[in-house]
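Structure assessment
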Amino acid sequence: MSSPQIIDVLVVGAGPSGSAAAIDLVRRGLDVRIVDRSPHAFDGSRAKGVQPRSLEVLEDLGALDDVLAGGSVYPRLGLHAGPLAVPWKMFPHKEATPDVPYPNTWLIPQFRTDRALHARLGELGREIEFGRELTGLTQDEDTVVAEVAGADGTEKIVARYVVGADGGSSAVRKQLGVGFAGTTHESDRTLVVDASVTGLARDRWHMWPGRGGRLIGACPLPGSDMFQWTIRLTPDEEPPSGKDDILRRIHDHTHDRRIRLHDIRWTSVFRPNIRLAESYGRGRVLLAGDAAHVHPPAGAQGLNTGIQDGYNLGWKLAQVLAGADAALLDTYEAERQPIAAGVLGLSSEKWDGIAKLDPSSMKRGKDEQQLALTYYGGPLAPADGMRTGTLRTGDRAPDAELRGPDGAGTRLLDVLRGPHFTAVACGPGAARALDGLVWPTAGARLKRLTVGPAGAVGPAFSDPGNTLRRAYGLTGDTLLLIRPDGYVGHIATRDFLTSTQTAVRAMTPQAGSDPMSRRSRVHPGPGDVE
């Protein structure tokens, strides 16, 4: 009997986190399968806010056009008090700038975000295997064996790594025995309903406050006649289940008999979970998205944090499979777990404030947009490193408007887009160092970019509006290394070549490395995980 073929990565869960990770891995040429226990793609609006940083990630992954086509900017709030509706600006509308191309949170029902990611996977030649449930997981030093049950029986899938992105009730996390510390507020329940509606203006996100935070909200979903209704229930209230009962509950609270529900597409009862996995992986199995952290819905943080988990993990897995030191995978948890902990605090504070009718809890700003999240001080961004006037190693790499050698305008994010690293040299000293930078032949490639007068490294780009110099705080010769996930991997304002080469070694395969012999060091567990 022949042994099962060994694939590079099995992704369990086809929501935003798992799909983002799978896209990133597939575009790097890896052999990937993605399975999901649901019989089909998710149908609800659930997580409907995509933050500016996630829009940049989706652009890099090739899914942004579909996401933009399926959504809109958020409307203003309409706070109802009796017969009056007071407009409230929840999201400050901003214009795009050279360093921030997508400054506004995007309103799009989750099922459209999921389908945009799934369509991108299809373009890359991968289809999601729905109706496939993980039932067992064992691992040794070199592989993971996953037992997956489907309509045609149980299959053993052998992979070098497994990514568990299968939600808050994650079977992968439970198989690993990883603790999920936190709380679930059983008495604080919200009924969420996607329904076609008439009798309600679509230019507002309507909210009807009530005592004890028992509000009702109705947010118009773009490109449809549907609203997402959120009905916060009293502790002992039985959730209304049928269309007539739900409508009666809405009428009793809003006193607006003009509202009519015509077609209910999806319902769910939500309980605020505030939980964080004690570790983000064991051995060759890693956790991402809701499998690693679950949040209250306020502030639209869960989906966005999950997408960026997958984006952080994808390039690191690929580098280790190409021969980089497996210690690189330790940096996944070290970078992402503190981010999730901070986001949990933010969304919990917003959720609690809404219950108290605190107006500030309805405001959204830079904290929610995730543009300022940083890995500074982590294992790949030591606090004693060099910095510029505006950036530290570990910060997001801003966009900028450049002009190519042919005179055509281009965005820096267009140069960064793809599975490669990018080195940007500003000034002749940095350009000479870039010319001498040795890059490994295995793993992600390096794109070299010189800004300024043409130098030793081919044609140079120019910065006619000084957008790069302003956003990056450049005052002299600087060599920047940008990671594949769009974060600054190294800054050199002196000692260009030696310091950059040292940073490169921590993130790339080195000469003589054997990719097949690499073993994960992420929380080593017992040989078998049952």
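Note: the structure precedes this text.
Residues numbered from 1 in each chain as written. Predicted model: local features only at pLDDT ≥ 70, side-chain atom pairs only at ≥ 80, totals over all residues. Heavy atoms only, no water.

So, on to the overall build of the chain. In terms of regular secondary structure, the chain is built from 13 helices and 27 strands. Across the 530 residues in the chain, those meeting the buried criterion constitute 57%. When contacts within the chain are restricted to residue pairs at least 6 apart in sequence, those whose partners lie at least 24 apart make up 71%. Here the chain has roughly 21200 Å² of accessible surface; of this, 51% comes from carbon and sulfur atoms. (Helix = DSSP H or I, 4+ residues; strand = E, 2+ residues; numbered from the N terminus. Buried < 20%, exposed > 50% of the residue type's maximum accessible area, 1.4 Å probe, protein only. Contact = heavy atoms within 4.5 Å. Areas by Shrake-Rupley, 256 points an atom, 1.4 Å probe, with all protein chains shown as cover.)

Here the focus is the sheet that holds strand β17 (residues 260-270). To summarise the sheet geometry, strands pair through backbone hydrogen bonds and adopt either a parallel or an antiparallel arrangement. Spatially, seven strands are ordered β6-β5-β14-β15-β16-β13-β17 in an open sheet, and the strand pairing comes out mixed. Unpaired on one side and paired on the other, β6 (84-88) and β17 mark the two borders of the sheet. Sheet twist, expressed as the mean angle between neighbouring strand axes with direction ignored, is 20°. Pairing between strand β13 (residues 190-198) and strand β16 (residues 226-232): seven bridges, direction antiparallel. When the bridges of β16 are listed, S196 appears paired with M226. Against the sheet, helix α6 (residues 243-254) engages β13, β14 (204-208), β15 (216-220), β16 and β17, with an angle of about 90° to β17. (Pairing = 2+ DSSP bridges. Axes fitted to C-alpha atoms, helices over the stretch in contact; angles between N-to-C directions.)

With that settled, consider the pattern of salt bridges. Side chains that differ in sign of charge can pair as their charged atoms come close. Overall, the coordinates contain 28 salt bridges when judged by the stated rule. Residues D24 and R28 are paired through a salt bridge, measuring 3.2 Å at the closest nitrogen-oxygen approach. Residue classification places D24 among the buried residues on the basis of a relative accessible area of 0%. The class for R28 is buried, based on a relative accessible area of 18%. In this structure, R411 and D399 form a salt bridge, with 2.9 Å as the shortest nitrogen-oxygen distance. Remark: D399 occurs in the loop between α9 (366-369) and β22 (401-403) and R411 occurs in strand β23 (residues 409-411); sequence separation between them is 12 residues. When salt bridges that share partners are traced, they join R33, E129, R132, D152 and E155 into one network. (Salt bridge = Lys/Arg side-chain N within 4 Å of Asp/Glu carboxyl O.)

Packing of helix α1 (residues 16-26) against helix α4 (residues 110-123) leaves a shortest axis separation of 10 Å and a crossing angle of 20°. Compared by their axis directions, α1 and α4 come out roughly parallel. Judged by the twist between their axes, the crossing of α1 over α4 is left-handed. Across the interface between the two elements, P16, S19, A22, I23 and V26 from α1 touch Q110, D114, L117, H118, R120 and L121 from α4. Among the residues forming the contact of α1 with α4, the class breakdown is six nonpolar, three polar and two charged. (Parallel < 35°, antiparallel > 145°, perpendicular 65-115°, else oblique. Left-handed = near helix turned anticlockwise from the far one by under 90°. Nonpolar A, V, L, I, M, F, W, Y, C, P; charged D, E, K, R; others polar.)

The next point concerns the side chain of D166. By the secondary structure assignment, D166 is in the loop between β11 (153-164) and α5 (171-176). Buried and without a salt bridge, D166 has R37 as its closest oppositely charged side chain, separated by 5.2 Å. Here S170 takes part through its side chain, which lies 2.5 Å from a polar atom of the side chain of D166. Among all residues touching D166, those that are not within four sequence positions of it are V12, G13, R37, A171, V172 and A291. (Lys, Arg positive; Asp, Glu negative; His and termini not counted. Polar contact = N/O pair within 3.5 Å; in protein donor to acceptor, adjacent residues only side chain to side chain.)

A separate point is the nonpolar core. As a rule of thumb, soluble globular proteins bury nonpolar side chains together. Counting residues in hydrophobic clusters, the biggest one holds 90 residues, and the most contacted among them are V9, L10, L137 and L317. Tallying contributions element by element places helix α7 (residues 302-321) first for this core, with nine residues. In contact with L10, other than residues within four places in its own chain, are R33, V35, A146, I157, A159, Y161, V162 and V163. Core analysis: the second largest hydrophobic core is formed by 21 residues, L391, V424, F461 and A471 among them. (Core = buried A, V, L, I, M, F, W, Y, C linked by side-chain atoms within 4.5 Å.)

Before going further, it helps to spend a moment on helix α13 (residues 496-505). Structurally, the α-helix is built with 3.6 residues per turn, so residues lying three or four positions apart point the same way. Among the residues of α13, F496, S499, T500, Q501, A503 and V504 are the ones counted as buried. Summarising the contacts, the buried residues of α13 are in contact with α11 (428-436), β26 (478-482) and β27 (488-492).

Residues in a regular strand project their side chains so that they alternate between the two faces of the sheet. Pairing geometry for strand β24 (residues 421-426) and strand β25 (residues 446-451), over six bridges, is parallel. Bridge assignment links C426 to a residue of β25, and that residue is V451. Crossover handedness for the path β24 to α11 to β25: right-handed. (Right-handed = clockwise from strand over helix to strand, strands pointing away.)

Ordered in space as β25-β24-β26-β27, the four strands form an open sheet in which the pairing is mixed. Every other strand in the sheet has two partners, leaving β25 and β27 as the edge strands with one partner each. Going across the sheet, the axis of each strand differs from the next one's by a mean of 15°, ignoring polarity. Across the sheet, α13 touches β26 and β27, and the angle it forms with β27 is around 160°.

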